[in-house]
2 protein chains.
Amino acid sequence: MSRLLVIGGSDAGVTAALRAREVDPSLEVTMILADQYPNFSICGLPFFLSGEVDDWHDLAHRKADEIAAQGIQLLPGRASTGIDMRAHTVTARDESGVDAALRYDALVVATGARASRSGIEGTDLAGVHTLHTIDDGLSVRKRLNAGSVEHAVVIGSGYIGVEMADALARRRIPVLLLGRSPTVLPTVDPSLGALIQEELERNGIEVRSGTTVRAIAAAGARLEVVGDNGFSRRTDLVIVAGGVEPNSSLAADAGLATGLRKALVVDRQMRTNVPGVFAAGDCVETWHRLLQRPTYLPLGTTAHKQGRVAGEAAAGGDRAFQGSLGTQVVKVFDLAVARTGLRDDEATAAGFTPFTVETASWHHKAYYPGAQRLRTRVTADLRTGRLLGAQMVGHWQAEVAKRIDVFATGLFHAMTVDALNDLDLSYTPPMGAPWDAVQEAAQTWLAAVRSRRN
Amino acid sequence: MSRLLVIGGSDAGVTAALRAREVDPSLEVTMILADQYPNFSICGLPFFLSGEVDDWHDLAHRKADEIAAQGIQLLPGRASTGIDMRAHTVTARDESGVDAALRYDALVVATGARASRSGIEGTDLAGVHTLHTIDDGLSVRKRLNAGSVEHAVVIGSGYIGVEMADALARRRIPVLLLGRSPTVLPTVDPSLGALIQEELERNGIEVRSGTTVRAIAAAGARLEVVGDNGFSRRTDLVIVAGGVEPNSSLAADAGLATGLRKALVVDRQMRTNVPGVFAAGDCVETWHRLLQRPTYLPLGTTAHKQGRVAGEAAAGGDRAFQGSLGTQVVKVFDLAVARTGLRDDEATAAGFTPFTVETASWHHKAYYPGAQRLRTRVTADLRTGRLLGAQMVGHWQAEVAKRIDVFATGLFHAMTVDALNDLDLSYTPPMGAPWDAVQEAAQTWLAAVRSRRN
């Protein structure tokens, strides 16, 4: 019987294990977990910390016994300390320090990522937290529940940063949100970032963009956050939300090739440079469907897809990862902001001739009560008319996320902006318009190109 | 200067006129309207009658002056009484009975549809209404506002029928909804129709399916609705919601070819059999993208798309209508029900080997408050794995409509069910899951096929 070993029990690892068993039910699958939390929804931590989710156990995508019921052996609480590519073994150390060598025929490396400290000094001080593991979440919750937090600083105004600002505000803790870039949420264009900043401020968040933090220091029982241009602020709790770095050193030390930001190099079947060894998720480079080259784009959705491909490949299949479009959405108080594909600047850097047009529209017919404003930015190539990307902001119940998904599905198929008008999309006055907001944005882009040419 | 004449001022006519002017701003465009209501949202009438929309003027997609501002001459209140294909003229009769012959170089016929009486006797009685024009809506509203309606019968349990049952219930009028088919909303499968029936009944609607109405008779100051198998019921108001028939006789009398249900025959550029004469909207046959043949599928979304193509063709362009998938959505109290593509029985009739699987899922991660149940039915071909259709029911704010649009966009590109898993869709716990409900349904379908083969 052939044995598949999976290092890592989060999205990519679990998906790979499940898919491998599905493709080849005779496969013996063992999964080594560093912690006790297989298949947890790390993306759910801000909602646990806000109090919207009461019990952290609910954050599991699947419980351990559901995974085991699929014929997967779980080895929790084991640190993987070494991989011997010649002997086909992984050394796993249990909590009492005892090593065991586990043999494999095929190996999936799904060691994920770790929170970046963003080069800031003092991040190991008590009261300074990153937010990437269930243990991180439990530490912050414990601190919040102790009741001594009268002010918090969130460093980083990306997805996790704005979610954490929202979460802390829901707990009535005054928050300063610090971002390095000129606007919050730099993954969308400044005009949409400005709408998010307004929403944050409307909800009492103090936002300070364009600020680089250098150090955090103890200041009596409190903390002092120090940055460029004389910035400093005292606070009780600091969340460092500065993105993640691939957790690739175990695999790299064993001989797997690394690329961008030291992420593992994989091909479209998630094969590494060593035969029989696959890798997926936040520890690997991700193929970008539009750029047609690898990027580092760690996302839960991508980890699931790559895990599925890796599991299938490890079981002898030949599915290929079809590439990421960088599709993302985040909820910030009452707004949702979503994007897919390339922004104008990204498209220019990639050699396209992009043109971006912003459209204001209603999420359903304005005459039906409750219509919400949408702001949509469409980026497409001037020479070919090909859609390159879309961004949208609107009320979080105004179907922003799934409208971006329509754009994403169009992008997947390399549609032109004009062809979006050919899509047969659904319509009823309480839920849309005969030309959906997606198509309205397409038509505005086309009209802007026409008037630009005249 | 070349002159384009458009007969009809609803969705297809107005879109054709606007698009023609966009493509060729030198074109002189004149539009003949039978009534005074250009570009009104007929789909909005149920919401006007429910009281959700207070002023019927708000139902206009565009006001007359907005259309005129695009350089389109409007001739309202003119009955088009004849087309002379040799002389290139249309005879328009004004409200005082005076005829005028209007010359054209190109003609777009967009005469729409009229409400079907479903072969029922007595539909011309006072208190019996169809619902297809603004005047129809105003008549019903007047009757409702008079306050004498203590009970209503809605004949027909399709889209308009269920919307009207909802609308009347919101006005606290007891309603009997009669349908000929065994379940309500026969455009979706019975298991989903049953959920809609439950929702109707939960909101106090009396539903009686499998009942064919034959006649309506005066019964004193009331009406009596009589059907098969001894059915009869007294009521104050009857809405006949039995679908529509193409309004094609003017054009047919002038020599345009007709096909299915006497709808006008057009090619993919919306050209009729007479050179220079185009037709679009509810009066024409509609090319079905999956069936690859014409159907009769009168929908506002389709009328807009066909109008755009006809306008472009009339202005010398060569855009082709890319076909309908029959994508539809309707809101029934708190539920939305949507479909795109073919149902199992329709796919079988079209020569496919369909297999349909129903999936229950949450509209976003269950741990985040407010998760709603979705029921999704995926139909795909067993031999090729190609997606053929999808149906979904869920809370109307659970992004049902736009999820069906993701399926519709996949169908447009002839995707397999398996390939839906490759789509890079957006995710955040309050708005979805790492595998969106669309992909969860795809995976359930694939698993069902696997277990069927084992």
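Attention here is on the structure that accompanies the text.

Definitions and cut-offs
Residues numbered from 1 in each chain as written. Chains lettered and ligands numbered in written order. Predicted model: local features only at pLDDT ≥ 70, side-chain atom pairs only at ≥ 80, totals over all residues. Heavy atoms only, no water. Pairing = 2+ DSSP bridges. Helix = DSSP H or I, 4+ residues; strand = E, 2+ residues; numbered from the N terminus. Axes fitted to C-alpha atoms, helices over the stretch in contact; angles between N-to-C directions. Contact = heavy atoms within 4.5 Å. Expected span 1.5 Å × (residues − 1). Buried < 20%, exposed > 50% of the residue type's maximum accessible area, 1.4 Å probe, protein only. Disulfide = S-S within 2.5 Å. Least-squares fit on C-alpha atoms with pLDDT ≥ 70 in both. Core = buried A, V, L, I, M, F, W, Y, C linked by side-chain atoms within 4.5 Å. 1 Å grid on protein atoms, 1.4 Å probe; cavity = no way out; pocket = protein on both sides within 12 Å on 5 of 7 lines; lining within 4 Å. Points joined across faces, edges and corners; volume = space filled by probe spheres on them. Nonpolar A, V, L, I, M, F, W, Y, C, P; charged D, E, K, R; others polar. Parallel < 35°, antiparallel > 145°, perpendicular 65-115°, else oblique. Buried area = accessible area lost by both parts, 1.4 Å probe. Salt bridge = Lys/Arg side-chain N within 4 Å of Asp/Glu carboxyl O. Polar contact = N/O pair within 3.5 Å; in protein donor to acceptor, adjacent residues only side chain to side chain.

Residues and elements named next belong to chain B. The sheet built from five strands is open, its strands ordered 21-22-25-24-23 with antiparallel pairing. Looking at the sheet topology across the chains shown, the edges are occupied by strand 21 (328-332) and strand 23 (354-362). Geometrically, the sheet is characterised by an average inter-axis angle of 10° between neighbouring strands, direction not taken into account. Each of strand 21, strand 22 (335-341), strand 24 (373-381) and strand 25 (387-395) touches helix 10 (residues 400-412); the most contacted strand, strand 25, lies at about 175° to it.

Attention shifts here to helix 6 (residues 190-202) of chain A. An α-helix turns once per 3.6 residues; consequently, residues spaced three or four apart project the same way. All names here are of chain A. Along its 13 residues, helix 6 runs 18 Å from first to last C-alpha, staying within 8% of the 18 Å computed at 1.5 Å per residue. If you check which residues of helix 6 are buried, you get Leu-192, Gly-193, Leu-195, Ile-196, Gln-197, Glu-199 and Leu-200. Within two residues after helix 6, Gly-204 carries a phi angle of roughly 90°, on the positive side.

This brings us to the state of the cysteines. Residues and elements named next belong to chain A. Counting across every chain of the model gives zero disulfides over all chains. Cys-43 forms no disulfide, and the closest cysteine sulfur to it belongs to Cys-283, at a distance of 16 Å. For Cys-43, a relative accessible area of 30% translates into the label partly exposed.

If you rotate chain B by 180° and push it 0.0 Å along the axis, it lands on chain A with an RMSD of 0.0 Å. Here the copies are linked by what is in effect a two-fold axis. Counting the interface residues of chain B, we find that 100% of their copies in chain A are interface residues as well, pointing to one common contact surface.

Here we come to the nonpolar core. Core analysis: the largest hydrophobic core is formed by 181 residues, its most contacted members being A:Leu168, A:Leu200, A:Phe407, B:Leu168, B:Leu200 and B:Phe407. Apart from residues no more than four positions distant in its own chain, B:Leu200 is found in contact with B:Val162, B:Ala165, B:Leu177, B:Val184, B:Ile205, B:Val207, B:Val332 and B:Phe333. In terms of nonpolar packing, the next biggest core, distinct from the first, is built from 51 residues, B:Met31, B:Leu33, B:Leu107 and B:Val277 among them.

Moving on: empty space enclosed by the protein. Per the stated rule, a full pass over the model turns up two cavities of 30 Å³ or more. Considered as a void within the structure, the largest cavity measures approximately 50 Å³ in volume. Along its surface, the largest cavity is lined by A:Asn421, A:Asp422, A:Trp435, B:Lys305, B:Arg308, B:Val309, B:Arg319, B:Phe321 and B:Gln322. When grouped by side-chain class, the residues that make up the lining of the largest cavity number three nonpolar, two polar and four charged. Space inside the second largest cavity adds up to approximately 40 Å³. Taken together, A:Lys305, A:Arg308, A:Val309, A:Arg319, A:Phe321, A:Gln322, B:Asn421, B:Asp422 and B:Trp435 form the lining of the second largest cavity.

Any two packed helices are characterised by how steeply their axes cross, that is the angle between the axes, and by the distance between the axes. All names here are of chain A. In the contact formed by helix 10 (residues 400-412) and helix 11 (residues 437-453), the axes pass within 10 Å of each other and the chain directions differ by 55°. One finds that helix 10 runs oblique with respect to helix 11. Residues Arg-403, Val-406 and Phe-407 of helix 10 lie in contact with helix 11, whose contacting residues are Ala-437, Val-438 and Ala-441.

Each partner contributes residues to the interface: chain B has 66 residues there, and chain A has 66 residues. Here chain B meets chain A over a buried area of about 6200 Å², counting both sides, of which 59% is carbon and sulfur. Interface area lost by chain B to chain A is led by B:Tyr367, B:Lys402 and B:Asp424, which between them contribute 13%. At the boundary of chain B with chain A, the tally comes to 10 salt bridges. The closest approach of N and O atoms between B:Asp418 and A:Arg319, which form a salt bridge, is 2.6 Å. Our count for the contact surface shared by chain B and chain A stands at 36 residue pairs in polar contact (both at pLDDT 80 or more). Those elements giving two or more residues to the side of chain B that touches chain A turn out to be helix 1 (11-23), helix 8 (300-314), strand 21, helix 10 and helix 11 (437-453) of chain B. For the side of chain B that touches chain A, the element with the most residues is helix 10 of chain B, which contributes 10 residues. Residues of the side of chain B that touches chain A, tallied by class, amount to 28 nonpolar, 19 polar and 19 charged.

Now for the pattern of salt bridges. In a structure, side chains of opposite charge can pair up when their charged atoms sit close to one another. Overall, the coordinates contain 58 salt bridges over all chains when judged by the stated rule. A:Arg233 is the salt-bridge partner of A:Glu206, the closest N and O atoms lying 2.8 Å from each other. A residue pair is termed long-range when its members are at least 10 positions apart, and A:Glu206 in strand 12 (residues 206-208) and A:Arg233 in strand 15 (residues 232-235) qualify at 27 residues. A relative accessible area of 25% places A:Arg233 in the partly exposed class. One salt bridge connects B:Glu199 with B:Arg202, and the closest N-O pair in it is separated by 2.3 Å.

What follows deals with the pairing of strand 21 (residues 328-332) of chain A. Residue and element names in this part refer to chain A. With five of five residues buried, strand 21 lies mostly within the body of the structure. Of the two faces of strand 21, both are covered, the one formed by Gln-328, Val-330 and Val-332 as well as the one formed by Val-329 and Lys-331. As judged from the five bridges shared by strand 21 and strand 22 (residues 335-341), these two strands associate in the antiparallel manner. Opposite Val-329, over in strand 22, you have Ala-338 as the bridge partner. The hairpin turn running from strand 21 into strand 22, its antiparallel successor, is two residues long, and Phe-333 in that turn takes a positive phi close to 50°.

Attention now goes to the sheet that holds strand 5 (residues 89-93) of chain A. All names here are of chain A. Strand order across the open sheet formed by three strands is 4-5-6, with antiparallel pairing between neighbours. Since the sheet does not close on itself, it has two edges, and those belong to strand 4 (79-84) and strand 6 (99-103), each with one partner. Averaged over neighbouring strand pairs, the angle between their axes works out to 25° when direction is ignored. With five bridges joining them, strand 4 and strand 5 adopt antiparallel strand pairing. Directly across from Ile-83, in strand 5, lies its bridge partner Val-90.

Moving on: the environment of B:Arg202. Residue and element names in this part refer to chain B. You can see Arg-202 is positioned in helix 6 (residues 190-202). Using a relative accessible area of 57% as the deciding quantity, one classes Arg-202 as exposed. When the C-alpha positions of Arg-202 and Glu-150 are compared, they lie 20 Å apart, and in sequence the two are 52 residues distant.

Moving on, we come to helix 10 of chain B. Here helix 10 of chain B spans 18 Å end to end across 13 residues, near enough to the 18 Å set by a 1.5 Å rise per residue. Burial within helix 10 of chain B is extensive, with 13 of its 13 residues counted as buried.

Any functional reading would require information beyond the geometric quantities listed.
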